[in-house]
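Read off the chains here:
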Amino acid sequence: MTPAKKIEILQKLIQIKSVNDHETDVADYIASLFASYPQAKVEKVPFAENRDNLVVTIGNPDGPMIGLSGHMDVVSAGDEAAWQHAPFAGEVVGDQLFGRGASDMKSGLAAIVITMLEFLETGTPLAGSIRLLATVGEETGEYGAATLTDAGYADNLAGLVIAEPSGLDNVVYTARGVIDYKVVSTGKGSHSAHPEKGINAIDNLMKFYNAVGPLMAQHTKTDPVLGGLLHNVDLISGGEQINSIPAHAELMANMRTIPAYPNQVIYDELEALIAQLNQEDGVQLELSYSYPEEAIPGDPDAPLVQLAKQISDTVCDHDTQVVGSGGANDGAEFLRAKGDFTSIEMGPGSNTSHQVDEYISVTEYLQAIEVYKQLVPAFFDQVAVKNAHATAND
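Residues numbered from 1 in each chain as written. Predicted model: local features only at pLDDT ≥ 70, side-chain atom pairs only at ≥ 80, totals over all residues. Heavy atoms only, no water.

Q: Break down the sheet that holds strand 5 (residues 96–98) for me, with residues and values.
A: If you trace the three strands from one edge of the open sheet to the other, you get 4-5-19, paired in antiparallel fashion. Looking at the sheet topology across the chains shown, the edges are occupied by strand 4 (92–93) and strand 19 (359–361). Sheet topology places strand 5 next to strand 19; three bridges connect them, and they run antiparallel. Bridge pairing in strand 19 links Q96 to S361. Sheet strands touched by helix 1 (residues 3–15): strand 4, strand 5 and strand 19. Its angle to strand 5, the strand with the most contacts, is close to 25°. (Pairing = 2+ DSSP bridges. Helix = DSSP H or I, 4+ residues; strand = E, 2+ residues; numbered from the N terminus. Contact = heavy atoms within 4.5 Å. Axes fitted to C-alpha atoms, helices over the stretch in contact; angles between N-to-C directions.)

Put into structure tokens, the structure is as follows:
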């Protein structure tokens, strides 16, 4: 495939406005690229209307399977008038290709798709199989990855590469988890001149607010790469008007977890606090979560991690760093699948993700394709050596 064609594929992906929705349009376009290869198994896995995940499997089914994953949704472009380069045009200026998703993460998605297409185009014999896991809804909760995991598409992988925009000079092996939660306080409205006839939902909500901060602050363990547990109450609302006792109030909080504190530990503590406060007269609090994700522990010395570093060093002529990530990714869902495998995050990217005039370096994008093309067969060789060693020791 020519460099011009590879750039065109990325441009077409950017031109599809999959802003927190309409990922099916992206899935259909990618599926069309595989249409001339009957040996590719192409499956659309629905999540909701116009929101289909895409799974494409190629290669030798008798060997190990590596997953290559990318999400098809992008965040909103915001005020498009603030962009110097139209957010859904895919304009190229010099070495920069602009557009919403150029960095996060349609360049990574395009790179893994093209990697698979080039193996098919050249008839490259593979010692194992490759499975594309193209997901919906990563930006708002990883529910596409959850759907695919629950359906068994990530079961028994030998390894997983998520093409998130780490930059090719980084291999991410560990990541924070996330817990978004909401607390709703239900009271009883009354005229503010007669507060005794009502129940102030804001007052009761503040009982939780004042208690949860010190409770979370007791978690003092730190991860050498990820740091400590983070807890922030970011949204509070309540009340109807100035002269009425509020019957409703709510808050929403965001937590970034670390492997030392599995999410269940936090759930138990939050739920115990809610239960304790609800014992008080007039207090009615309800707790709910939004797509929580576990932290990814990882091992910096895992064979896939070190192999990815070695290949990126060679292809890109730089010293690739093995690092952690403060943000959650689809890997947290995929690691719930059957089997024991290493998940890494490595993909082309810039520091403009989610920003105005988001872009990707064309050079880095093309390098990413070469990195993946070398990584896949090298990974199969690595697994073969490991299996042979295990057999010899039996």
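Q: With reference to specific residues and values, describe empty space enclosed by the protein.
A: Taken as a whole, this structure holds one cavity of 30 Å³ or more when the rule is applied. Roughly 40 Å³ of internal volume is contained in the largest cavity. Forming the walls of the largest cavity are V172, Y173, T174, A175, I296, N329, S343, I344 and E345. If you list the elements that add at least two residues to the lining of the largest cavity, you get strand 8 (170–175) and strand 18 (342–345). With four residues, the top contributor of residues to the lining of the largest cavity is strand 8. Grouping the constituent residues of the lining of the largest cavity by class yields five nonpolar, three polar and one charged. (1 Å grid on protein atoms, 1.4 Å probe; cavity = no way out; pocket = protein on both sides within 12 Å on 5 of 7 lines; lining within 4 Å. Points joined across faces, edges and corners; volume = space filled by probe spheres on them. Nonpolar A, V, L, I, M, F, W, Y, C, P; charged D, E, K, R; others polar.)

Q: Any chance you could break down the pattern of salt bridges for me, citing the residues and the numbers?
A: As enumerated under the stated definition, the model contains 15 salt bridges in all. A salt bridge links K44 to D52, with the nearest nitrogen and oxygen atoms 4.0 Å apart. Relative accessible area serves as the criterion here: at 41%, K44 is assigned to the partly exposed category. Through salt bridges with shared partners, a single network forms among K5, E8 and K12. (Salt bridge = Lys/Arg side-chain N within 4 Å of Asp/Glu carboxyl O. Buried < 20%, exposed > 50% of the residue type's maximum accessible area, 1.4 Å probe, protein only.)

Q: Talk me through the nonpolar core; I want residue IDs and the actual numbers.
A: Where a protein is soluble and globular, its nonpolar side chains tend to be buried together. Formed by 66 residues in total, the largest nonpolar core has its most connected members in I30, F34, I58, L109, I130 and L132. Ranked by the residues each element gives to this core, the list is headed by helix 9 (residues 362–393), at eleven residues. With sequence-adjacent residues up to four places away left out, I30 is seen in contact with L13, L54, L109, V113 and L132. Listed in part, the 26 residues of the second largest apolar core include I179, A249, A253 and L277. (Core = buried A, V, L, I, M, F, W, Y, C linked by side-chain atoms within 4.5 Å.)

These values are about where atoms sit, not about what they do.
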